[in-house]
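Residue-level structure breakdown
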Amino acid sequence: MRTLLVASGVLGVALAVVSLEIVVRPETLDRAEVALLPQEESQYAVSEENKDGETPVVKGVDPKQYFSVAQLESKGASLEMGNRHSALFQHASVQPERDGFLVVTFPFLWNGEKIGQVSRVIPTESMSAGRLFSLVRAKIDGALPKNLNAKVSLSEPQNTVGKANFYLNDTITFPDTVFMVARSDRKVLAFQYQRSYHDALMKSNIFPLFFQ
């Protein structure tokens, strides 16, 4: 009996140490950069149209959850309320349980005019932004028709926006639209906007503000 009590006491101490470690090192449980938590999802209205087993469309997502809205507004940019989206651009459908990430998309306005949309790509489990960036690229590449690679293709990785970026070129269906995926140390974003605004957006240095 005494041995059992001693063992129980040791186990109790061990559990207390583990509990203390979790409290002291909250990053072991930090899911701020991981998919929308169930309790967070309950804040939003879910579309009644998705009753066939597909990933529900979460509506009414506040851009302040994912972006420094005040910083963007200082440059003439603003984001409207967003939705969980079921695709990367219009080219690759996303199933979080299969792909390892989900997409939350926000309409993007420039000086009051809607010019496109910005999506935050969120992993469903902890991973680096570099790994997530690679998954997104592979997902889009796998969805593109291989017999049209001269007109629908991915650019080589670049470092003109954030730490790394690449473009999706679709001159068949969307010749006037820029599709770009970029990452920082912590975020992976997908931008879609009218091509006529590209030079102005690049010169304004607005893109770094999306990563703050």
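Residue positions are counted from 1 within each chain, in the order its sequence is given. Per-residue local features are limited, in this predicted model, to residues with pLDDT of at least 70; the limit for side-chain atom pairs, both in listing and counting, is 80 or more; totals at the level of whole chains, interfaces and linings are taken over all residues. Excluded from the side-chain calculation are hydrogens and water; included are all heavy atoms of the structure.

**Let's talk about the pattern of salt bridges**
The term salt bridge refers to a side-chain nitrogen of Lys or Arg lying within 4 Å of a carboxyl oxygen of Asp or Glu. Throughout the structure, instances matching the rule amount to five salt bridges. Among the ionic pairs, Lys163 bridges to Asp185, the shortest N-O distance being 3.9 Å. Taken together, the positions of Lys163 in the loop between strand S8 (152–154) and strand S9 (164–170) and Asp185 in the loop between strand S10 (177–183) and strand S11 (188–194) put the pair 22 residues apart, joining distant regions of the chain. A single network of salt bridges, built from pairs that share partners, joins Arg98, Asp99 and Lys139. Only DSSP runs of H or I covering at least 4 residues are called helices, and only runs of E covering at least 2 are called strands; the numbering of each starts at the N terminus.

**Focus: the environment of Leu102**
Topologically, Leu102 is positioned in strand S6 (residues 101–110). Accessible area is worked out with a 1.4 Å probe on protein chains only. A residue is then buried under 20% of its type maximum, exposed over 50%, and partly exposed in between. For Leu102, a relative accessible area of 3% puts it in the buried group. Between the alpha carbons of Leu102 and Ser119 there is a distance of 9.8 Å; along the sequence they are 17 residues apart.

**Considerations on the pairing of S11**
Among the seven residues of S11, six are classified as buried, and the element is accordingly described as predominantly covered. Bridging between strand S7 (residues 113–123) and S11 involves six bridges; their strand directions are antiparallel. Residue pairing across strands places Val121 opposite Val188, the latter belonging to S11. One requirement defines pairing of two strands: DSSP has to find at least two bridges between them. In sequence, S10 turns back onto S11 through a hairpin of four residues.

**Overview of the pairing of S6**
Of all the 10 residues making up S6, nine are buried; the element is thus mostly covered by neighbouring parts of the structure. Sheet topology note: the S6/S7 ladder contains 10 bridges and is antiparallel. Paired with Phe106 across the bridge in S7 is Val118. Between S6 and the antiparallel strand that follows it, S7, lie two residues; Asn111 among them carries a positive phi value of about 55°.

**Notes on unusual backbone geometry**
Residues other than glycine seldom take positive phi values, yet Phe89 does so here, at roughly 55°. Positionally, Phe89 belongs in the loop between strand S4 (87–88) and strand S5 (92–93). Here Asn111, not a glycine, exhibits a phi torsion of approximately 55°, which is positive. Relative to the helices and strands, Asn111 is located in the loop between S6 and S7.

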